[in-house]
Amino acid sequence: QVQLVESGGGLVQVGDSLRLSCAASGRSFSDYAMGWFRQTPGQEREFVAAINWNGADTRYTESVKGQFSISRDNAKNMVYLQMNSLKPEDTAVYSCAAAFGRTVRVPTKTYMFRIWGQGTQVTVSS
């Protein structure tokens, strides 16, 4: 079973960039599609981005297309979320997750992911 730990969050200004990292431990990391989700108090967890097992296929929620970029490095058991041009509405706890399989299904939903990290806080000041 894969264990996931996120890092890279913090307090930034509008327009700043952050790169979130998700470190995976356990066997067969490359067997899992990976995703990033975010959640604010009182809201349901929202899909942000996903990537298939080898990085060839990526998907994004409409609100972050052209702004965020997901990537992975299977040799290092890492997945990343590059976040540019940050806005106050991007403020949330961001969590990475491992899917049940190697590919990303569309539309991407929370129930498609079986392993979750604890999350890292991103706060964008306005």
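The paragraphs below set out a description of the structure included in this document. From a predicted model like this one, the values you see are computed outputs, not experimental measurements. (Residues numbered from 1 in each chain as written. Predicted model: local features only at pLDDT ≥ 70, side-chain atom pairs only at ≥ 80, totals over all residues. Heavy atoms only, no water.)

**A few points about the sheet that holds strand 1 (residues 3-7)**
Part 1: Pairing in this open sheet of 4 strands is antiparallel, and the strands run 1-3-8-7 from one edge to the other. Two strands close off the open sheet at either side, each with one partner strand: strand 1 and strand 7 (68-73). Direction aside, neighbouring strands of the sheet carry axes that sit 15° apart on average.
Part 2: Relative to strand 8 (residues 78-83), strand 7 runs antiparallel, the two sharing 6 bridges. By the bridge assignment for strand 8, Ser-71 is matched with Tyr-80. (Pairing = 2+ DSSP bridges. Helix = DSSP H or I, 4+ residues; strand = E, 2+ residues; numbered from the N terminus. Axes fitted to C-alpha atoms, helices over the stretch in contact; angles between N-to-C directions.)

**What to know about the packing of aromatic side chains**
Each aromatic ring pair is specified by the distance between its two centres and by the angle formed by the two planes.
Part 1: Counting across every chain of the model gives 4 aromatic pairs.
Part 2: With a centroid separation of 5.0 Å and 80° between ring planes, the pair formed by Phe-37 and Phe-113 is classed as edge-to-face. Of this pair, Phe-37 sits in strand 4 (residues 34-39) while Phe-113 is found in strand 10 (residues 113-116), placing the two residues 76 residues apart along the sequence. Both residues of the pair, Phe-37 and Phe-113, belong to the buried class. (Phe/Tyr/Trp six-rings, centres within 6.5 Å; stacked < 30°, edge-to-face > 60°. Buried < 20%, exposed > 50% of the residue type's maximum accessible area, 1.4 Å probe, protein only.)

**Some words on the side chain of Arg-38**
Part 1: One can find Arg-38 in strand 4.
Part 2: For Arg-38, the contacting residues outside a window of four places in its chain are Glu-44, Arg-45, Glu-46, Val-48, Ser-63, Val-64, Phe-68, Glu-89, Asp-90, Ala-92, Val-93 and Tyr-94. (Contact = heavy atoms within 4.5 Å.)

**Here we look at unusual backbone geometry**
Part 1: With omega at -5°, the peptide bond leading from Val-106 into Pro-107 counts as cis.
Part 2: Residue position: Pro-107 is located in the loop between strand 9 (92-99) and strand 10.
Part 3: For Asn-77, which is not glycine, the phi dihedral falls at a positive 55°.
Part 4: Of note, Asn-77 is situated in the loop between strand 7 and strand 8.
Part 5: For Asn-77, a relative accessible area of 22% translates into the label partly exposed.
Part 6: Phi at Ser-85 takes a positive value of approximately 50°, unusual for a residue other than glycine.
Part 7: Take Ser-85: it is sitting in the loop between strand 8 and strand 9.
Part 8: According to the relative accessible area criterion, Ser-85 is partly exposed, its value standing at 48%.

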